[in-house]
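Observations on the model geometry
Listed here are the chains, written in short residue letters.
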Amino acid sequence: MNVLDTEFLKGFAKLANDGWLHNFHERNGGNLSYRMKKEEAESVKECFNAKEWKEIGVSVPALAGEYFLMTGSGKFFQNIQDDPEANVCIIEVDDKGEKYRQVWGLKNGGKPTSELPSHLMNLEVKKKIDDKYRVVYHAHPANIVALTFVLPLTDEAFTRELWEMITECAMVFPSGLGVVEWMVPGSMEVAIATSEKMKSYDAVVWAHHGLFAAGEDFDFTFGLMHTIEKAAEVLVKVKSMGGKQQTMSVKNLKDLAKDYDLVLPEKFLK
Ligand code: 13P
Ligand code: ZN
């Protein structure tokens, strides 16, 4: 089967285009990865043409032997749906989880996203928690980035402020949001810090940069990114209008948790 005809490639390209249309991706900003199912990799193996093995830079033994669809470094999200084969690739991780090789895509040349270490470490952390997690999405939405200049850079501040902005936020990200301070993009350091936060959360804010979101499929992962950015937009508007005059109380959040069976961490209910 041709990779271009698969449902997973179509879902990947649709998310990329939705992200572009929502203004989450200036130029080559952002990147996306998908941990392919065994049968999906099997179904397209005849299209593979393996290149040389390269170091990942970090170790992801729990992903050994798996295949990943991901954006190419420097490629623009706006071009993915029109020409996936020029802008995305499939990589294979070796049997130790230390090297990768490109097996499909980037037909005009290129390499996987510079955030490859973050994507693979996050996918590994999530797989260990629950095998259903398959998607990691990084974007540069303006409002969440703007908030990293005015809110304290803590999980508590971001989670609580954004939960309060739209009632359904606590249902969409009940475990909360992680925040990592400014770090060099593409570095092992930021990959390690983000994956550490991914042990507790499905979304991690990168100060003065953007957001990482993880989920089981393209819809849920895009929906998480979209919900967080929309809540951030409401907060930016509220702050621009002079700040909150009233808001959801701790009791409101606890009532919500009770009726909707949410487990909201106590540290966000102070
Ligand atoms: P890439 O083009 O290498 O994916 O980098 C974009 C980005 O957002 C880095 O954080
Ligand atoms: Zn980025």
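See above for the structure.
The following refers to the structure shown. (Residues numbered from 1 in each chain as written. Chains lettered and ligands numbered in written order. Predicted model: local features only at pLDDT ≥ 70, side-chain atom pairs only at ≥ 80, totals over all residues. Heavy atoms only, no water.)

Put simply, the largest pocket is a space of about 260 Å³. Considering the residues around the largest pocket, the lining is formed by 14 residues, among which Val-172, Asp-202, Gly-215, Glu-216 and Phe-220 are closest to the centre. The dominant element in the lining of the largest pocket, judged by the number of residues it contributes, is helix H9 (residues 218-240), at four residues. Of the residues contributing to the lining of the largest pocket, the split by class is seven nonpolar, four polar and three charged. Empty space within the second largest pocket amounts to approximately 160 Å³. In this structure, the second largest pocket is lined by 13 residues; those nearest its centre are Met-36, Lys-37, Lys-38, Gly-65 and Glu-66. Here the lining of the second largest pocket gets three residues from one element, more than from any other, and that element is helix H2 (residues 38-44). Taken together, the residues of the lining of the second largest pocket sort by class into three nonpolar, one polar and nine charged. (1 Å grid on protein atoms, 1.4 Å probe; cavity = no way out; pocket = protein on both sides within 12 Å on 5 of 7 lines; lining within 4 Å. Points joined across faces, edges and corners; volume = space filled by probe spheres on them. Helix = DSSP H or I, 4+ residues; strand = E, 2+ residues; numbered from the N terminus. Nonpolar A, V, L, I, M, F, W, Y, C, P; charged D, E, K, R; others polar.)

This part covers the environment of Lys-251. With respect to the helices and strands, Lys-251 occurs in helix H10 (residues 250-260). We classify Lys-251 as exposed; its relative accessible area is 55%. (Buried < 20%, exposed > 50% of the residue type's maximum accessible area, 1.4 Å probe, protein only.)

Bringing the pattern of salt bridges into the picture now. Under the definition given, this model contains 20 salt bridges. Residue Glu-164 is joined to Arg-160 by a salt bridge in which the shortest nitrogen-to-oxygen separation is 3.0 Å. Taken as a pair, Glu-164 and Arg-160 lie in helix H6 (residues 155-165) at a separation of four residues, close to a single helical turn. Both residues of the pair, Glu-164 and Arg-160, belong to the buried class. One network of salt bridges, with partners in common, ties together Arg-35, Glu-66, Lys-127 and Asp-131. (Salt bridge = Lys/Arg side-chain N within 4 Å of Asp/Glu carboxyl O.)

Honestly, that's just the spatial picture; any functional story needs more than this.
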